[in-house]
Amino acid sequence: MNAQVSGIHDDDRRPPSSELLEIAQRGLSLKPKRLPSWLFYDERGSALFDEICEQPEYYLTRSEIALMDEHAGSIADTLGSDVRLVEYGSGNARKTRMLLQHLHEPVAYVPVEISAEPLRESVDRLAAEFPALPVQPLGADFTKPLRLPIPPRAPRRTVLYFPGSTIGNFDNRAAAVLLRKMRNEMGDAGGILIGVDLKKDPMVIEAAYNDAAGVTAAFTLNMLTRLNRDVGSDFDLSAFRHRAHYNPMAGRIETHIVSSKAQQVKLGKSSVAFREDEAIQVEYSCKYSLADFEALAAKAGLAVLRVWTDAQKMFSVQYLVRASTVAR
C-alpha cells in the first residue's frame, strides 16, 4: 500500500534569515538581555535536543514514554474515532507513533514543525510505519496562526497534540495566549492533548537541565553558533557558559547564556557590550501542579477533561476541551 503523504506545506510565516539580525539586536538591547528560545532549533540544535532526551538526568522523555506505553489505548479511546491529529513541534514524533498505533480510524496526521529536515525525517518514518494514514506535513511556527491543510475527509474532531513539556517554555501570560490560539484552531468539538511536566524535587528538576555529559550546555550555546553563521556575529563560544537554575518561587527552570568576561560582540554594523557574568535569558521551563495547570487552562476558556500520569507522577498528559462544553 502506498504511503499517503502530502507535500510539505509552508505557511511562509517563519522569520527569514534576513530578520534574525534585527531580532538579535532588539533582544540584546533589552535589560536584561533576552533571545527567543526558537533560535535553538536549527538542524544542529534539533539533533542536540534529541541527544538531551537520552541523557540519564533527563527524566521528562522517559516519564512521558512510560506514560504513553501504559495509557495510549485509554487516551485514544478518550479522543474517539475519526480524529484529525495536529501535532505542534512534531520533532522525531516518537511519542506520536505510540498514540497513532491506538487511534481509531484517524482522518489525517498533520505534523507542524519549524525545522525542515526533522520534519521530513519524521514524515518518512511515519509513512513507512503507517502506510494507510494520510500525512499532511506543515512547515510552520506553531505559535503563529496556522493554515491547516484540507483534510481528505471530514473529521469528527480536530485534536491538537502538544507532547513533551513545551508549554512550559512559555510564561503564564504567553502560555494562556497560546492555549487560546489552540482553542480557536481546534474548533467547537475539538480538544487539546498536552504534555505537562509536574512539580517535584527541585534537585531532580535542576539536574535534568545540567546533564553531566554537557549536552544541554552544547544545545544552549549552539544558539550563538547559529547567530555567528546566519547573521555574521562573532560570539566567542569559549567566553560564554550555560546556566540553568530552578526558581522555586516561579516554579520554573530559568536558562541563561552567561558572559565569562567583559567583552564586545559584533552584531551587524554595531556591537553589543557584555559585563562579566552578564546573562542572556534564553528559556523558561515551567513546572506545574495539577491545580496550577487547571487554573492556566481556565484562563484560556478550557477545562481539563482527563489527566494521565506515569507511575511516579513525574509527568502528565492532559486532555483539554472548551470550558463551555463541560459546563453543559
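Worth saying up front: this structure is predicted, and the values here are computed from it rather than measured.

Trainee: Residues and numbers for the pattern of salt bridges, please.
Mentor: The full count for this structure, using the stated rule, is 18 salt bridges. Across the salt bridge formed by Asp42 and Arg229, the nearest N and O atoms sit 3.1 Å from each other. Taken together, the residues span a long stretch of sequence, with Asp42 in the loop between strand 3 (33-34) and helix 2 (43-52) and Arg229 in helix 8 (residues 215-231) at a distance of 187 residues. Arg229 is the partner of Asp230 in a salt bridge, and the nearest nitrogen-oxygen pair spans 2.9 Å. Using a relative accessible area of 26% as the deciding quantity, one classes Asp230 as partly exposed. Among the charged side chains, a network of salt bridges with common partners joins Asp42, Arg226, Arg229 and Asp230.

Trainee: Tell me about the packing of helix 6 (residues 172-186) against helix 9 (residues 290-299), and name the residues and values.
Mentor: Between two packed helices, what matters for the description is the angle formed by their axes and the separation of those axes. One way to put it is that helix 6 packs onto helix 9 with a least axis distance of 8 Å and a crossing angle of 55°. Taken as axis vectors, helix 6 and helix 9 run oblique relative to one another. Seen from above, helix 6 lies across helix 9 with right-handed handedness. Contact residues: Asn172, Ala175, Ala176, Leu179 and Arg180 in helix 6; Leu296, Ala297 and Lys299 in helix 9. Its residues placed into classes, the contact of helix 6 with helix 9 shows five nonpolar, one polar and two charged.

Trainee: Describe the pairing of strand 16 (residues 315-322), listing the residues and the values that go with them.
Mentor: Burial within strand 16 is extensive, with eight of its eight residues counted as buried. With seven bridges joining them, strand 15 (residues 302-309) and strand 16 adopt antiparallel strand pairing. Looking at the pairing, Val307 lines up with Gln318 of strand 16. Here strand 15 folds back onto strand 16 in antiparallel fashion, the turn holding five residues, of which Lys313 has a positive phi close to 55°.

Trainee: Go over the packing of aromatic side chains, please, and point to the residues and values.
Mentor: Evaluated as defined, the whole model comprises 14 aromatic pairs. Taken together, the ring pairs connect Phe40, Tyr41, Phe49, Tyr58, Tyr209 and Phe219 into an aromatic cluster. Just above the ring of Phe274 sits the side chain of Lys33; from NZ or CZ to the centre is 5.0 Å. A cation sits over an aromatic face here: Arg252 above Tyr284, 3.7 Å from the ring centre.

Trainee: Outline the sheet that holds strand 10 (residues 240-247), listing residues and values.
Mentor: Judged by pairing direction, the sheet is mixed, and its four strands sit side by side in the order 3-14-11-10 without closing on themselves. Strands at the two margins of the open sheet, each flanked by one partner only, are strand 3 and strand 10. As paired elements, strand 3 and strand 14 (residues 279-286) share two bridges and run parallel to each other. Each residue of the ladder has a partner; that of Lys33, found in strand 14, is Ile280.

Trainee: Pulling in residues and values, what's your account of the pairing of strand 14?
Mentor: Buried residues dominate strand 14, accounting for seven of its eight residues. In this structure, strand 11 (residues 252-259) lies alongside strand 14, joined through seven bridges in antiparallel fashion. Paired with Ile257 across the bridge in strand 14 is Ile280.

Trainee: Describe the side chain of Glu185, naming the residues involved and giving the relevant values.
Mentor: Inspection of the secondary structure puts Glu185 in helix 6. A polar side-chain atom of Glu185 sits 3.1 Å from the main-chain amide nitrogen of Leu146. With residues up to four places along the chain from it excluded, the contact list for Glu185 reads Tyr88, Lys144, Pro145, Leu146, Thr158 and Leu160.

Calculation notes
Residues numbered from 1 in each chain as written. Predicted model: local features only at pLDDT ≥ 70, side-chain atom pairs only at ≥ 80, totals over all residues. Heavy atoms only, no water. Salt bridge = Lys/Arg side-chain N within 4 Å of Asp/Glu carboxyl O. Helix = DSSP H or I, 4+ residues; strand = E, 2+ residues; numbered from the N terminus. Buried < 20%, exposed > 50% of the residue type's maximum accessible area, 1.4 Å probe, protein only. Axes fitted to C-alpha atoms, helices over the stretch in contact; angles between N-to-C directions. Parallel < 35°, antiparallel > 145°, perpendicular 65-115°, else oblique. Left-handed = near helix turned anticlockwise from the far one by under 90°. Contact = heavy atoms within 4.5 Å. Nonpolar A, V, L, I, M, F, W, Y, C, P; charged D, E, K, R; others polar. Pairing = 2+ DSSP bridges. Phe/Tyr/Trp six-rings, centres within 6.5 Å; stacked < 30°, edge-to-face > 60°. Lys NZ or Arg CZ within 6 Å of the ring centre and 35° of its normal. Polar contact = N/O pair within 3.5 Å; in protein donor to acceptor, adjacent residues only side chain to side chain.

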